[in-house]
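In case you want the letters, here they are:
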Amino acid sequence: FGLAPTGRVDETTWRRIYQEYQNVLRTEHLECRFISVPYPGAPLEPGATNVFVQVALYYYNMIAAFDLLLEPIPITDVYTQHAVLSIQEFQRTRGLPSNGVIDADTWTLLYYQYVAAYQDIFPACATGSSVPPPFATLSLGSRGILVEQLQIWINTLSAYYCDMIPQ
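The structure displayed is predicted, hence computed values, not measured ones.

Colleague: When you look at the overall build of the protein chain in this model, what are you seeing that I'm missing?
Modeller: Helix and strand counts for the protein chain come out as 6 helices and 0 strands. Listing the helices and strands of the protein chain from first to last along the sequence gives α-α-α-α-α-α. Within the span of the protein chain, comprising 167 residues, buried residues form 43% of the whole. Contacts in the protein chain between residues at least 24 apart in sequence constitute 55% of all its contacts with a sequence separation of at least 6. Approximately 9000 Å² of the protein chain is accessible, and the part contributed by carbon and sulfur atoms is 56%.

Take a look at the structure:
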């Protein structure tokens, strides 16, 4: 994208990745306030491998940042047994059938609780639709929700730009 290849995600890089992410969402006619991905149309079963697993686990991790009953888990595109157990705990604590399958009801509750958590972390973005800014430059070894946010954007873009490597 014509940026200096420093390996650091500074404000310029962050904004450019976000801009490209928004462009892809507009091109695909997806509405995005936060990361708003519609239910994939079919339940996510254990062993599923796709970007919807990443999105669901991202939603889950954002919720887990505020819910002491939930443990954060790695965000991957594979719905592993570890992730299934975490989703079962989410379902159990929310009164849903605790089967580990991410069906429409589980997806919807994940999304709505994610939005609430997102609004707590980024109150200005929740009302304004601006770019969620990192609180510091991200570099090798950075961790946390902002890194996960960046990974979601990069993974979405990698489906459209063949030279981008999924994270």
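Colleague: What am I meant to see in the nonpolar core here?
Modeller: General note: in soluble globular proteins, nonpolar side chains tend to be found buried as a group. In this structure, Ile 35, Tyr 59, Leu 110 and Tyr 114 are the most contacted members of the largest nonpolar core, which totals 45 residues. Where this core is concerned, the elements lending two or more residues are α1 (11–27), α2 (51–64), α3 (81–93), α4 (104–121) and α6 (145–158). Broken down by element, the residue count for this core peaks at 10 residues, all from α2. Apart from residues lying up to four places away in sequence, Leu 110 is in contact with Ala 56, Tyr 59, Tyr 60, Ile 63, Ile 87, Phe 90 and Ile 102.

Colleague: Explain α2 to me, please; I cannot follow it from the model alone.
Modeller: For the α-helix, the turn length of 3.6 residues means that residues three or four positions removed from each other point alike. The end-to-end C-alpha distance of α2, which contains 14 residues, comes to 20 Å, matching closely the 20 Å that a straight helix rising 1.5 Å per residue would cover. The element α2 is largely enclosed, with a buried count of 12 among its 14 residues.

Colleague: Even after reading the chapter, I still don't get α3, so can you show me in this structure?
Modeller: With 13 residues, α3 extends 18 Å between its outermost C-alpha atoms, agreeing within 8% with the 18 Å of an ideal straight helix rising 1.5 Å per residue. Those residues of α3 that fall on the buried side of the exposure criterion are Ala 83, Val 84, Ser 86, Ile 87, Phe 90 and Gln 91. Buried residues in α3, looked at end-on, bunch into an arc of 165 degrees, giving them a common side. Every exposed residue of α3 that faces more than 90 degrees away from the buried side is listed here: Gln 81 and Arg 92. With its phi angle positive at about 80 degrees, Gly 95 sits one or two positions after the end of α3.

Colleague: Looking at this structure, I do not really get the environment of Thr 156. What am I missing?
Modeller: Structurally, the position occupied by Thr 156 is in helix α6. According to the relative accessible area criterion, Thr 156 is buried, its value standing at 17%. Setting aside its immediate chain neighbours within four residues, Thr 156 contacts Tyr 21 and Val 24.

Colleague: Just checking my understanding: could you explain the packing of aromatic side chains for this structure?
Modeller: How two aromatic rings sit relative to each other is set out by the distance from centre to centre and by the angle between their planes. Within this structure, the stated rule accounts for 8 aromatic pairs. Look at Tyr 39 and Trp 107: their rings are 6.3 Å apart centre to centre, the planes differ by 65 degrees, and that puts the pair in the edge-to-face class. Of this pair, Tyr 39 sits in the loop between α1 and α2 while Trp 107 is found in helix α4, placing the two residues 68 residues apart along the sequence. In this structure Tyr 39 comes out as partly exposed when scored by relative accessible area, which is 26%. Among the aromatic residues, ring-to-ring pairing joins Tyr 39, Phe 52, Tyr 58, Tyr 59, Trp 107, Tyr 111, Tyr 112 and Tyr 114 into one connected group.

Colleague: Is there a simple way to explain the side chain of Ser 86 in this structure?
Modeller: Within the secondary structure, Ser 86 is located in helix α3. Ser 86 sits in the buried class, given a relative accessible area of 8%.

About the cut-offs
- Residues numbered from 1 in each chain as written.
- Predicted model: local features only at pLDDT ≥ 70, side-chain atom pairs only at ≥ 80, totals over all residues.
- Heavy atoms only, no water.
- Helix = DSSP H or I, 4+ residues; strand = E, 2+ residues; numbered from the N terminus.
- Buried < 20%, exposed > 50% of the residue type's maximum accessible area, 1.4 Å probe, protein only.
- Contact = heavy atoms within 4.5 Å.
- Areas by Shrake-Rupley, 256 points an atom, 1.4 Å probe, with all protein chains shown as cover.
- Core = buried A, V, L, I, M, F, W, Y, C linked by side-chain atoms within 4.5 Å.
- Expected span 1.5 Å × (residues − 1).
- Arc of directions from axis to C-beta.
- Phe/Tyr/Trp six-rings, centres within 6.5 Å; stacked < 30°, edge-to-face > 60°.

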